[in-house]
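Inside the fold
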Amino acid sequence: MLLLNPDKSVKLLKLYHYSNKLLIPQFFISYFNTSTNKNFNFIINILTSLNISYHSYLSGSMILNDYLQKITKNNLLHNIVKISNLKLHILATLGYVNYFKRISYNI
């Protein structure tokens, strides 16, 4: 249940706030990277996409926790929405990993 309620974990929130400071520099490094080393490009892009995905998931989870409790008290609906949120973020992250693999290695 920790993955469905990450805002209730102190460790996950500390990681969220710590990696928040890395978002903008990491994005610029990834965007302006002109290295010819394919492995370096792939690793930088993957780390950036993982950090953005983590922030997106945790932010979305906090918003869902706040507003779902105001809309309905049905715990089954809460779990369905939270599981959907997790699965959609995993799917999007895997899509970005696949995209960066294709552009880095010209597949």
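Think of each chain on its own: its residues are numbered from 1, step by step along the sequence as written. Only residues with pLDDT of at least 70 are given local features in this predicted model, and only at 80 or more are side-chain atom pairs given and counted; all residues enter the totals for whole chains, interfaces and linings. Side-chain metrics in this entry use all non-hydrogen atoms of the structure; hydrogen atoms and water are not considered.

Another aspect to go through is a nonpolar patch on the surface. Candidates for patches are residues over 30% relative accessible area with no salt bridge; among them, like charges are joined within 9 Å and nonpolar side chains (Val, Leu, Ile, Met, Phe, Trp, Tyr) within 5 Å. Surface accessibility follows the Shrake-Rupley procedure with a 1.4 Å probe radius. Residue values consider only the protein chains on display as shielding. Within this document, salt bridges are pairs made up of a side-chain nitrogen of Lys or Arg and a carboxyl oxygen of Asp or Glu, the two lying within 4 Å of each other. Where nonpolar side chains cluster on the molecular surface, the patch consists of Ile 24, Phe 27, Phe 28, Tyr 31, Phe 32 and Ile 52 and spans about 680 Å² of accessible area. Within the secondary structure, Phe 27 sits in helix H2 (residues 23-31). Type-normalised accessible area, obtained with a 1.4 Å probe on protein chains alone, sets the label of each residue: buried when under 20%, exposed when over 50%, and partly exposed for intermediate values. Under the relative-accessibility criterion, Phe 27 is labelled partly exposed at 41%. Strands here mean DSSP runs of E at least two residues long; helices mean DSSP runs of H or I at least four residues long; both are numbered from the N terminus.

Buriedness of a pocket was judged along seven lines, with at least five required to meet protein on both sides within 12 Å; pockets are open sets of points on a 1 Å grid over the protein atoms alone, cavities are sets where a 1.4 Å probe fits but cannot get out, and lining residues have an atom within 4 Å of a point. Grid points are joined across faces, edges and corners, and a volume is the space filled by probe spheres set on the points. Size it by volume and the largest pocket reaches roughly 230 Å³. Along the walls of the largest pocket sit 14 residues, with Thr 48, Ser 49, Ile 52, Tyr 96 and Phe 100 positioned nearest its centre. The greatest single-element share of the lining of the largest pocket, amounting to six residues, is contributed by helix H3 (residues 38-71). As a working rule, the residues Ala, Val, Leu, Ile, Met, Phe, Trp, Tyr, Cys and Pro are called nonpolar, Asp, Glu, Lys and Arg charged, and the rest polar, with Gly in that last group. Looking at the lining of the largest pocket, its residues break down into six nonpolar, eight polar and no charged. As a volume, the second largest pocket reaches approximately 160 Å³. What lines the second largest pocket is Leu 50, Ser 53, Tyr 54, Tyr 57, Leu 86, His 89, Ile 90 and Thr 93. Contributions of two or more residues to the lining of the second largest pocket are made by H3 and helix H4 (75-105).

Over its 34 residues, H3 extends 48 Å from the first C-alpha to the last, a length consistent with the 50 Å expected when each residue adds 1.5 Å. Polar contacts here mean pairs of N or O atoms no more than 3.5 Å apart (in protein, one a potential hydrogen donor and the other a potential acceptor; neighbouring residues in sequence count only if both atoms are side-chain atoms). The opening residue of H3, the one whose side-chain oxygen lies 3.1 Å from the backbone nitrogen of Asn 39, is Asn 37. Any helix carries an expected span of 1.5 Å times its number of residues minus one.

So, on to the packing of aromatic side chains. Aromatic contacts are taken between Phe, Tyr and Trp rings whose centres are within 6.5 Å, Trp giving its six-membered ring; a plane angle under 30 degrees counts as stacked, one over 60 as edge-to-face, and the others as tilted. Enumeration over the complete set of coordinates arrives at seven aromatic pairs. The interplanar angle of 50 degrees and the centroid separation of 5.5 Å between the aromatic rings of Phe 42 and Tyr 105 together place this pair among those described as tilted. Within this pair, whereas Phe 42 is found in helix H3, its partner Tyr 105 is found in helix H4, the two being separated by 63 residues in sequence.

Attention now goes to the environment of Leu 12. With respect to the helices and strands, Leu 12 occurs in helix H1 (residues 10-20). It is 24 Å that separates the C-alpha atoms of Leu 12 and Leu 77, two residues lying 65 residues apart in sequence. Any pair of residues with heavy atoms lying within 4.5 Å of one another is described as a contacting pair. For Leu 12, the contacting residues outside a window of four places in its chain are Leu 2, Pro 6, Tyr 54 and Leu 58.

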